[in-house]
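An overview of the molecular structure
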Amino acid sequence: MHNRPVLPTRLLLAALVVLLTAAAPRTAQRAAAEEPAITGEVRSPSGSPVTGGSVALMTFSTNKIVATIDRTGHFHLVPDSQSAQRLFIAVPGFAPYRAIVSLPPSRTITLPPITLTEATYVRVRFVTVDGDPLGTGGLRRMSLDSDGAPIPDPLNHTHQEMSSDGTVTIAPLPPGRMIWGFDLP
């Protein structure tokens, strides 16, 4: 009869299992680190991280990639191409933010911290010549940047609502100008 020690074999197997399971997360971390990504942090005007919101990345065509901002103010987007892309950030209570991001060949970039500005709201009452409220049904509006180019709103961040007294509130507005018009008989 052979007298084999059972304990060292079990210890060796347990150690092997621990080593194999410890190596898997490191491999996943390395793969995530090598994945093309645009990362960044979004801050409020006071410098504290925002705790929610959305980020969209758009090529100059219609392709859109959307991510959320986590509780620490960080976001992570995986770009689908190396071309220059438009970055849009929408956080409730703050003005929409936009920038153009030029990606390096690796398609990996960490943006410097982005500080948002307080939201601008406009509240108006449009009336007919008789003083009756026009409502928002025929209201057409377009935001323009300082060069006169239209400012898109891919995250539908800017809303308009009408109150019972006929006033219309539109907010939050992006920095720039706005053109108003009515399409009514």
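Note that the coordinates shown come from a computational prediction; the quantities given were computed from them, not determined experimentally.

Quick notes on the rules
- Residues numbered from 1 in each chain as written.
- Predicted model: local features only at pLDDT ≥ 70, side-chain atom pairs only at ≥ 80, totals over all residues.
- Heavy atoms only, no water.
- Helix = DSSP H or I, 4+ residues; strand = E, 2+ residues; numbered from the N terminus.
- Pairing = 2+ DSSP bridges.
- Axes fitted to C-alpha atoms, helices over the stretch in contact; angles between N-to-C directions.
- Core = buried A, V, L, I, M, F, W, Y, C linked by side-chain atoms within 4.5 Å.
- Buried < 20%, exposed > 50% of the residue type's maximum accessible area, 1.4 Å probe, protein only.
- Contact = heavy atoms within 4.5 Å.

Thoughts on unusual backbone geometry
Residue A171 is joined to P172 through a cis peptide bond whose omega torsion reads -20°. Within the element layout of this structure, P172 appears in strand 12 (residues 167-173). The phi torsion at R107 lies on the positive side, around 60°, for a residue other than glycine. Its identity is not glycine, yet N156 carries a phi of approximately 50°, on the positive side. Structurally, N156 is set in the loop between strand 10 (139-144) and strand 11 (159-162).

Some points on the pairing of strand 11
Judged from the four bridges that link them, strand 11 and strand 12 form a sheet pairing that is antiparallel. Directly across from E161, in strand 12, lies its bridge partner T169. Counted between consecutive antiparallel strands, the loop separating strand 11 from strand 12 contains four residues, among which G166 sits at a positive phi close to 90°.

Section: the sheet that holds strand 5 (residues 85-90)
Reading across the sheet, the four strands line up as 3-2-5-6 and stay open at both edges, with antiparallel pairing between neighbours. Only two strands of the sheet have a single partner each, and these edge strands are strand 3 (64-68) and strand 6 (97-101). Taking each pair of neighbouring strands and ignoring which way they run, the sheet shows an average axis angle of 20°. Of the strand pairs in this sheet, strand 5 and strand 6 are connected by five bridges, and their pairing is antiparallel. Across the sheet, I89 pairs through a bridge with Y97, a residue of strand 6.

Section: the nonpolar core
If you look at the biggest cluster of nonpolar residues, it comprises 19 residues, and the most contacted ones within it are I38, I69, F75, L77, L87, I89 and L116. Counting residues per element, the ones that place at least two in this core are strand 1 (38-43), strand 2 (54-58), strand 3, strand 4 (74-77) and strand 5. Non-local contacts of L87, meaning those with residues more than four positions away in its chain, are made with V55, A56, L57, L77, Y97, R98, A99, V101, L111 and I114.

By themselves these figures say nothing about function.
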